[in-house]
Amino acid sequence: MNTETKTRQIPAAVVLTKRAEERIAQLMSQAPGDAIGVKLSTPRRGCSGLAYSVDYVTEEAKFDEKIQTPGGTFYIDGASVLYLVGSTMDWREDDFTAGFVFENPNAKGACGCGESFMV
């Protein structure tokens, strides 16, 4: 009888595109000395209620999701995971703007300026 336990790998809450991973690597290459990674959270802000925030993080929080990328560690705030499950995070640049862009199936609407979303 085989007593080995097989576990299924749980997919990450957020899928990072290649461009997002490359941007995280760039951010980590110029990060402050105490930064251990980059963290995505959804603070309450804006006219729709929640906003996406990406910042350096200096310590791991107990319930944060941790994703290893080729350029550094990416964290998702534990309190934000439920709002982000199934999302894709990309980095886009054009002649006038540059920033992370999110495709979030949980978002039921967004404000006109695109700064915040609601679930």
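The structure presented is a predicted model; accordingly, all values stated were derived computationally and were not measured.

Colleague: Hey, could you run me through the side chain of T73 in this one?
Modeller: If you trace the backbone, T73 turns up in strand β7 (residues 72–76). Residue classification places T73 among the buried residues on the basis of a relative accessible area of 12%. Looking at T73, its side chain comes within polar contact range of the side chain of Q68, at 3.2 Å. Sequence-distant contacts of T73, that is, excluding residues within four places in its chain, are made with I36, G37, V38, K66, I67 and Q68.

Colleague: Would you explain the sheet that holds strand β5 (residues 53–57) in this entry?
Modeller: Strand pairs in the sheet, formed through backbone hydrogen bonds, run parallel or antiparallel to each other. Ordered by their spatial adjacency, four strands build an open sheet running β5-β2-β7-β6, and the pairing between neighbours is mixed. Each end of this open sheet is capped by a strand with a single partner; those strands are β5 and β6 (65–69). Between one strand axis and the next, the sheet turns through 25 degrees on average, direction left out of account. Packed onto the sheet, helix α1 (residues 18–29) meets β2 (37–41), β5, β6 and β7 and runs at close to 125 degrees relative to β2.

Colleague: Please explain the pattern of salt bridges as it appears in this structure.
Modeller: Side-chain pairing between opposite charges can occur once the charged atoms of the two side chains come close. In total, this model carries six salt bridges according to the counting rule given. Measuring nitrogen to oxygen at the nearest pair gives 2.8 Å for the salt bridge that ties K39 to D64. With K39 in strand β2 and D64 in the loop between β5 and β6, this pair connects stretches of sequence that are 25 residues apart. The pair formed by K39 and D64 is uniform in burial state, with each residue classed as buried. The residue E103 makes a salt bridge to R92 at a minimum N-O spacing of 3.5 Å. With E103 in strand β9 (residues 98–103) and R92 in strand β8 (residues 87–93), the pair connects residues that are eleven residues apart, well separated along the chain. What makes R92 partly exposed here is its relative accessible area of 38%.

Colleague: Sorry, what's going on with the pairing of β8 here?
Modeller: Successive side chains on a regular strand alternate, one facing one side of the sheet and the next facing the other. In terms of strand pairing, strand β1 (residues 14–16) meets β8 through three bridges, oriented parallel. Opposite V14, over in β8, you have S87 as the bridge partner. Pairing geometry for β8 and β9, over six bridges, is antiparallel. Across the sheet, the residue bridging to M89 is F102, located in β9. Between β8 and the antiparallel strand that follows it, β9, lie four residues.

Colleague: Help me understand the nonpolar core in this model?
Modeller: Across soluble globular proteins, nonpolar side chains show a tendency to be buried alongside one another. Of all hydrophobic cores here, the largest spans 20 residues; its most connected members are V14, L16, L40, F74, I76, M89 and F100. Counting residues per element, the ones that place at least two in this core are β1, α1, β2, β7, α2 (81–84), β8 and β9. Of all the elements, α1 adds the most residues to this core, at four residues. Excluding residues within four positions of it along the chain, L40 makes contact with V14, Y52, S53, V54, F74, Y75, I76, D77, L84, M89 and F102.

Rules used in this analysis
Residue numbering note: each chain is counted from 1, following its sequence as written. Where local features are concerned, this predicted model is filtered to residues with pLDDT of at least 70; where side-chain atom pairs are given and counted, the filter is 80 or more; whole-chain, interface and lining totals use all residues. Only hydrogens and water are set aside when side-chain values are computed; all heavy atoms of the structure are taken into account. Helix and strand definitions here come from DSSP, where helices need a minimum of 4 consecutive H or I residues and strands a minimum of 2 consecutive E residues; each element is numbered from the N-terminal end. Buried means the residue's accessible area, taken with a 1.4 Å probe over protein chains only, is under 20% of the maximum for its type, while exposed means over 50%, and partly exposed covers the values in between. Under the rule applied, a polar contact is a pair of N or O atoms within 3.5 Å (in protein, one hydrogen donor and one hydrogen acceptor; residues adjacent in sequence only if both atoms are side-chain atoms). In what follows, residue pairs with any heavy atoms lying within 4.5 Å of each other are defined as contacts. A pair of strands is treated as paired once DSSP finds two or more bridges between them. Lines fitted to the C-alpha atoms define the axes, with helices restricted to the stretch that makes contact. Angles between their N-to-C directions range from 0 to 180 degrees. Should a side-chain nitrogen of Lys or Arg be within 4 Å of a carboxyl oxygen of Asp or Glu, the pair is scored as a salt bridge. Throughout, nonpolar core names a set of buried Ala, Val, Leu, Ile, Met, Phe, Trp, Tyr and Cys residues whose side chains join them through atoms within 4.5 Å.

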